[in-house]
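# Reading the structure
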Amino acid sequence: MEFRFINAFNTRPKLKGYKHAKESYLKRIRWAVSLFYFGMGLCFATWASRIPDIKASLHLSESDLGSILFALPFGQLMVMPFSGKLVTKYGSHKILLIALALYAIALTNLGLAEKPWQLSLGLFLFGIFGNLSNIAVNTQGVYTEGLFKRTIMSSFHGAWSTAGFSGALIGIAMLALKLSPFQHFVIAALIVFVLMAANYKYLIRAKEKKSSEKKKFFAKPDGVLLWLGIIGFCCMASEGVMFDWSGVYFKEIVKAPGPLVILGYTSFMIMMASGRFLGDRLIHKYGRKRVLQISGLLISTGLFTSVFLPYLIPSTLAFMLVGLGVSTIVPTVYSIAGKNATVAPGEALTIVSSVSFLGFLMGPPVIGFIAEAAGLQFSFAFIGIFGVLIAFMASRIKAIQ
């Protein structure tokens, strides 16, 4: 099936060769790509900030919410075999433009849900367009990092995290103004469309070279990429739990009063964003392996602390450790995958990010089931084990230096 309508968005780059472009133009490209990361992060953070309200309005229990949240990874799984191929065939700049627009529209539809099945359908579509946006934007990130010839991937993910923090603040403002989730989501979508309109022409126009070797549709993935994906899975499962359950944890376990319910999520996002903007320097100084090992241990330390000391100040500090721990793992894993010598960047990122993002999407629903059976604290302790696994796997994979 040919998506000829995609070609309508094809615009020629102002410069014939990026290698000879002025530094100011390269910086503008970097800003543009960063703002697309920001737009994508804002969509997800906006949804995450209103989960408690939607849960209450639909009268959902923890297990009900956990079941519904499975619609997100299911949507991602459905599009996973095609996302990398679409990016490779049509170019990440075209797919990103269309996928992010549909991602923002899907966000607004979540605010219209009046029944659980409607929310499930909305999350299914949200997962599909989120996966396409994720592959395309990270392919743009790999290309841009190649232009600068130094590690900058962490700063792109810092832009995504900054959007998460911004989304939390906007969420507080929307609650104060007593706006409905739908009104809130429409405002966020409009912001994303403005960012896209101002920056799409600076995306890198590049198509990956097609391999002459015919591959099976469900070919066995590269072993290194699979292990990198598992590291990403463990990290993003921890990250997803912070997004979807931190507010519930602070409300039901920490017993935070009133507006302080969002303190755990906010402290987590501040440290994750800060860590990502510092991550490139840390990797340059200490190396990827050591940074990944320390990051994994920070995740475990933070989650276990919040379980054994479920009080306002200790839990806030604990969530800050988790934010610092998850900050550099995924950008590092994506950067390594994008430079794989045998697999095109778009398809390499599809393998790694799809496995990784499954953790982000499946972690929260699993937490719901564990919380229903054994309590929310036990479920956080279970996710805490993942940090130790990250540190162990980082020390065993030879591709990580």
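Residues numbered from 1 in each chain as written. Predicted model: local features only at pLDDT ≥ 70, side-chain atom pairs only at ≥ 80, totals over all residues. Heavy atoms only, no water.

### A few points about the overall build of the protein chain
Let me state the cut-off plainly: Strands here mean DSSP runs of E at least two residues long; helices mean DSSP runs of H or I at least four residues long; both are numbered from the N terminus. Only the C-alpha atoms count toward the radius of gyration. The rule for a globule is 2.2 Å times the residue count to the power 0.38. Contacts were defined at the residue level, with two residues in contact if any of their heavy atoms lie within 4.5 Å. Where accessible areas are quoted, they stem from the Shrake-Rupley method and a 1.4 Å probe; at the residue level, only the protein chains shown are allowed to cover. Here the positive residues are Lys and Arg and the negative ones are Asp and Glu; neither His nor the chain ends is included. By convention, charge coordinates are those of NZ in Lys, CZ in Arg, CG in Asp, or CD in Glu.
Along the protein chain, the regular secondary structure elements total 15 helices and 0 strands. In summary, the protein chain has a C-alpha radius of gyration of 20 Å against a globular reference of 21 Å for 401 residues, a match within 12%. Over its C-alpha atoms, taken along the principal directions, the protein chain stretches across nearly 60 × 45 × 40 Å. Counting contacts in the protein chain only where the partners sit at least 6 residues apart, residues at least 24 apart contribute 86% of the total. A total of about 17600 Å² of accessible surface is found on the protein chain, and carbon and sulfur atoms cover 67% of it. Across the protein chain, the mean location of the 38 positive side-chain charges is 13 Å away from that of the 16 negative side-chain charges.

### What to know about empty space enclosed by the protein
Let me state the cut-off plainly: Here the term cavity refers to a set of points on a 1 Å grid, laid over the protein atoms alone, in which a 1.4 Å probe fits but cannot get out; the term pocket refers to an open set having protein on both sides within 12 Å along at least five of seven lines, with lining residues being those that place an atom within 4 Å of a point. Grid points are joined across faces, edges and corners, and a volume is the space filled by probe spheres set on the points. For this classification, the nonpolar set comprises Ala, Val, Leu, Ile, Met, Phe, Trp, Tyr, Cys and Pro, the charged set comprises Asp, Glu, Lys and Arg, and every other residue, Gly included, is treated as polar.
Within the structure shown, the criterion is met by 3 cavities of 30 Å³ or more. When its volume is computed, the largest cavity comes out at roughly 130 Å³. Residue lining of the largest cavity: 13 residues in total, with Asn-134, His-157, Trp-160, Met-236 and Phe-357 positioned closest to the centre. Elements with a contribution of two residues or more to the lining of the largest cavity: helix H1 (23-49), helix H6 (116-148), helix H7 (153-176), helix H9 (223-252) and helix H13 (329-338). A total of 3 residues in the lining of the largest cavity trace back to one element, the largest contributor, which is H6. Here the lining of the largest cavity is built from residues that sort into 8 nonpolar, 3 polar and 2 charged.

### Quick word on the environment of Glu-239
Looking at where Glu-239 falls in the secondary structure, it is placed in helix H9. Glu-239 sits 124 residues away from Gly-363 along the chain, and the two C-alpha atoms are 8.6 Å apart. Dropping the residues within four chain positions of it, Glu-239 is found in contact with Trp-160, Phe-268, Met-272, Arg-276, Val-326 and Phe-360.

### Observations concerning the nonpolar core
Note on soluble globular proteins: their nonpolar side chains tend to be buried together. We count it as follows: Only buried residues count toward a nonpolar core, which is a set of Ala, Val, Leu, Ile, Met, Phe, Trp, Tyr and Cys residues joined through side-chain atoms within 4.5 Å. For each residue, the accessible area found with a 1.4 Å probe, counting protein chains only, is set against the maximum for its type, and the residue is called buried under 20%, exposed over 50%, and partly exposed in between.
Formed by 120 residues in total, the largest nonpolar core has its most connected members in Phe-44, Trp-47, Leu-119, Phe-243 and Phe-380. The greatest single-element share of this core, amounting to 15 residues, is contributed by H1. Once residues lying within four places of it in the same chain are set aside, the contact partners of Trp-47 are Ile-54, Leu-69, Leu-72, Leu-107, Leu-110, Leu-119, Leu-123, Phe-126 and Phe-185.

### Overview of the pattern of salt bridges
It is possible for side chains of opposite charge to pair when their charged atoms get near one another. Applicable threshold: Salt bridge, as used here, is a side-chain nitrogen of Lys or Arg placed within 4 Å of a carboxyl oxygen of Asp or Glu.
Inspection of the entire model under this criterion finds 2 salt bridges. Where Asp-53 meets Arg-50, a salt bridge forms, and the shortest distance between an N and an O atom there is 2.9 Å. Across the salt bridge formed by Arg-276 and Glu-239, the nearest N and O atoms sit 3.6 Å from each other. On the criterion of sequence distance, the pair formed by Arg-276 in helix H10 (residues 263-286) and Glu-239 in helix H9 is long-range, its members being 37 residues apart. Judged by relative accessible area, Arg-276 falls into the buried class, the value being 2%.

### Details of the layout of surface pockets
Gaps between atoms show up when a probe of the same size as a water molecule is rolled over them. Reported here for the second largest pocket is a volume of approximately 500 Å³. Lining the second largest pocket are 21 residues, and of these Ser-49, Pro-52, Asp-53, Gly-247 and Val-261 lie nearest its centre. Looking at the lining of the second largest pocket, the elements with two or more residues in it are H1, helix H2 (51-57), H7 and H9. A total of 7 residues in the lining of the second largest pocket trace back to one element, the largest contributor, which is H9. Of the residues assigned to the lining of the second largest pocket, the class counts are 11 nonpolar, 5 polar and 5 charged.

### Section: helix H5 (residues 92-110)
Note the following rule: To estimate how far a helix should extend, the number of its residues minus one is multiplied by 1.5 Å.
Across its 19 residues, H5 extends 26 Å between first and last C-alpha, which sits within 8% of the 27 Å expected from 1.5 Å per residue. Counted residue by residue, H5 has 16 buried out of 19 residues, so it is predominantly covered.

### Notes on unusual backbone geometry
Even without a glycine there, the phi angle at His-59 is positive, about 55°. Inspection of the secondary structure assignment puts His-59 in the loop between H2 and helix H3 (62-69). A relative accessible area of 69% places His-59 in the exposed class. The residue Lys-178 is not glycine, and still its phi comes out positive at about 60°.

### Thoughts on the confidence of the model for the protein chain
Rules: Note on scores: pLDDT gives the predictor's confidence for each residue, bounded by 0 and 100.
On average, the protein chain scores 84 in pLDDT, and the residues at 70 or more come to 90%. Note on residues 1-16: pLDDT under 50 across the span, and 24 contacts to partners over four residues away in sequence or across chains.

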